[in-house]
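Structural overview
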Amino acid sequence: MLTHACDPIPCLEQRTIHACPPPDPMLTFPPILALLTSCAPPPEPPAPPPEPSTTLGMPLPAAWPSRAATLQRLETPPPTRALRIAIDPGHGVGSNSGNSSCLCIDEQDHNLRVAQHLAQSLEAQGQHPTQLTRSDNRGPAYSTRITTAQQGAADLLISLHSDARGEQHHWLPSPDATCSWNDGNPGFSVLWSDEAEPALAEARLTLAAALAARLAEAGFLAYDGHEYQGIYEGHPDHPGVFLDRHEPRKRVRMLRRPTMPSVIIETHNAWDRLEEPRWQEEATLDAFDAAVLTALADWAR
């Protein structure tokens, strides 16, 4: 292959190529094509995290997940009866680690952290015996978790997850990490299944509704369900509550199989670059726990 000593000159896109002697007529077309395509524009840099919106220079009211939004830690009333509660930190078995957040945090680790914090709050209240379905990222399988909760005579099961919603983009929150992001779909959701006898299905719905209402009261945003079309159906009277509408063979096991009332709380959109950092704050976990405890007191009446 022929080579030339060349002097650098700028190309049309402000990148640098080399001025070389005229190509040998015997050279074929592909090298010329490669030279021309070397001036292709560089890829666009990743979008920065969003800033709070303004109207005519005035900031809009701070709402979740804005950095200025304040969550309320609800006062938990004394429970009217003790509940045996199974808390399931979703994923965490084999290669099933869940999503990876905009900060490159595995969902299995987020779920376990939130579940352990919630269990500590329940135990501190001293009224609700609590069990975690897993304590590390080595399982057990979901079927075993359900069996363990049933053998422990749990009154209800709450499975904790985070969502990854919308079209996937990539950015670099630090020089050595490339993470996924989408800032368009924040908020919590509470999922349930009506695949059960009427009394159990009704208990699932009332539990989901109580949790969603108290989370919203605490200041968390209820997800609007835009990315759920065809798989979950929103409830007209309970924002943030969604019914499993996957095709039958794909319906969620943790929603339909337990013999006690069970729900899944999707805490937030892990790809949202405002919402995910808020879930690293201790105050967010405290507000979440208080909302859940208050909802359980509502539901147990």
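See the structure above.
Described below are features of the structure shown in this document. (Residues numbered from 1 in each chain as written. Predicted model: local features only at pLDDT ≥ 70, side-chain atom pairs only at ≥ 80, totals over all residues. Heavy atoms only, no water.)

A word on the packing of aromatic side chains
If you walk through the whole model with that rule in mind, you get 8 aromatic pairs. For the ring pair tyrosine 228 and phenylalanine 242, a centre distance of 4.9 Å and an interplane angle of 90 degrees mean the geometry is edge-to-face. A residue pair is termed long-range when its members are at least 10 positions apart, and tyrosine 228 in the loop between α4 (198–218) and β11 (232–235) and phenylalanine 242 in strand β12 (residues 238–244) qualify at 14 residues. Like tyrosine 228, the residue phenylalanine 242 is buried in the burial classification. One Lys or Arg, arginine 165, reaches over the ring of tyrosine 223 and ends 3.8 Å from the middle of that ring. (Phe/Tyr/Trp six-rings, centres within 6.5 Å; stacked < 30°, edge-to-face > 60°. Helix = DSSP H or I, 4+ residues; strand = E, 2+ residues; numbered from the N terminus. Buried < 20%, exposed > 50% of the residue type's maximum accessible area, 1.4 Å probe, protein only. Lys NZ or Arg CZ within 6 Å of the ring centre and 35° of its normal.)

Remarks on the sheet that holds β12
Spatial ordering of the open sheet is given by β6-β5-β7-β13-β10-β12-β11, a layout of 7 strands whose pairing is mixed. Here the strands that pair on one side only, and so sit at the sheet edges, are β6 (130–132) and β11. Taking the axes of each pair of neighbouring strands and ignoring which way they run, one obtains an average angle of 25 degrees across the sheet. Where β11 and β12 come together, 4 bridges link them in antiparallel fashion. (Pairing = 2+ DSSP bridges. Axes fitted to C-alpha atoms, helices over the stretch in contact; angles between N-to-C directions.)

Quick look at helix α3 (residues 142–151)
Along α3, the residues that are buried comprise Tyr142, Arg145, Ile146 and Ala149. End-on, the buried residues of α3 take up no more than an arc of 100 degrees, which puts them together on one face. Where α3 is buried, its residues meet β5 (85–89), β6, β7 (156–163) and α5 (253–256). (Arc of directions from axis to C-beta. Contact = heavy atoms within 4.5 Å.)

Points about the packing of helix α2 (residues 107–125) against helix α7 (residues 282–300)
Interhelical geometry of α2 versus α7 gives an angle of 55 degrees and a closest axis separation of 10 Å. Taken as axis vectors, α2 and α7 run oblique relative to one another. As for the relative orientation of α2 and α7, their crossing is right-handed in sense. Each of Arg113, Val114, His117, Leu118, Ser121, Leu122 and Gln125 in α2 lies in contact with α7, whose residues at this interface are Glu282, Leu285, Asp286, Phe288, Asp289, Val292, Leu293 and Leu296. Residue composition of the contact of α2 with α7, grouped by class: 8 nonpolar, 3 polar and 4 charged. (Parallel < 35°, antiparallel > 145°, perpendicular 65-115°, else oblique. Left-handed = near helix turned anticlockwise from the far one by under 90°. Nonpolar A, V, L, I, M, F, W, Y, C, P; charged D, E, K, R; others polar.)

Some thoughts on the nonpolar core
With 42 residues, the main nonpolar core has Leu160, Phe220, Ile265, Phe288 and Leu296 as its most contacted residues. Counting residues per element, the ones that place at least two in this core are β5, α2, β7, β10 (189–192), α4, β12, β13 (262–269) and α7. (Core = buried A, V, L, I, M, F, W, Y, C linked by side-chain atoms within 4.5 Å.)

Some remarks on α2
Compared with the 27 Å implied by 1.5 Å per residue over 19 residues, the 27 Å span of α2 between its first and last C-alpha is a close match. All of the buried residues along α2 are Glu107, Gln108, His110, Asn111, Leu112, Val114, Ala115, His117, Leu118, Ala119 and Leu122. Buried residues along α2 sit against β5, β6, β7, β13 and α7. Looking at the residues trailing α2, positive phi occurs at glycine 126, about 80 degrees. (Expected span 1.5 Å × (residues − 1).)

Observations concerning the environment of glycine 225
Note on placement: glycine 225 falls in the loop between α4 and β11. Look at glycine 225 and you get buried, because its relative accessible area is 10%. The sequence separation of glycine 225 and glycine 240 amounts to 15 residues, and the corresponding C-alpha distance is 7.7 Å.

Let's talk about the state of the cysteines
Across all of its chains, the model carries 1 disulfide by this definition. Two residues share a disulfide in this structure: cysteine 104 and cysteine 179, whose sulfurs sit 1.9 Å from each other. On the sign convention where negative means left-handed, the S-S torsion of about -115 degrees between cysteine 104 and cysteine 179 marks this disulfide as left-handed. Remark: cysteine 179 occurs in strand β9 (residues 177–181) and cysteine 104 occurs in the loop between β5 and α2; sequence separation between them is 75 residues. Looking at the unpaired cysteine 102, the closest cysteine sulfur is the one in cysteine 179, lying at 7.3 Å. (Disulfide = S-S within 2.5 Å.)

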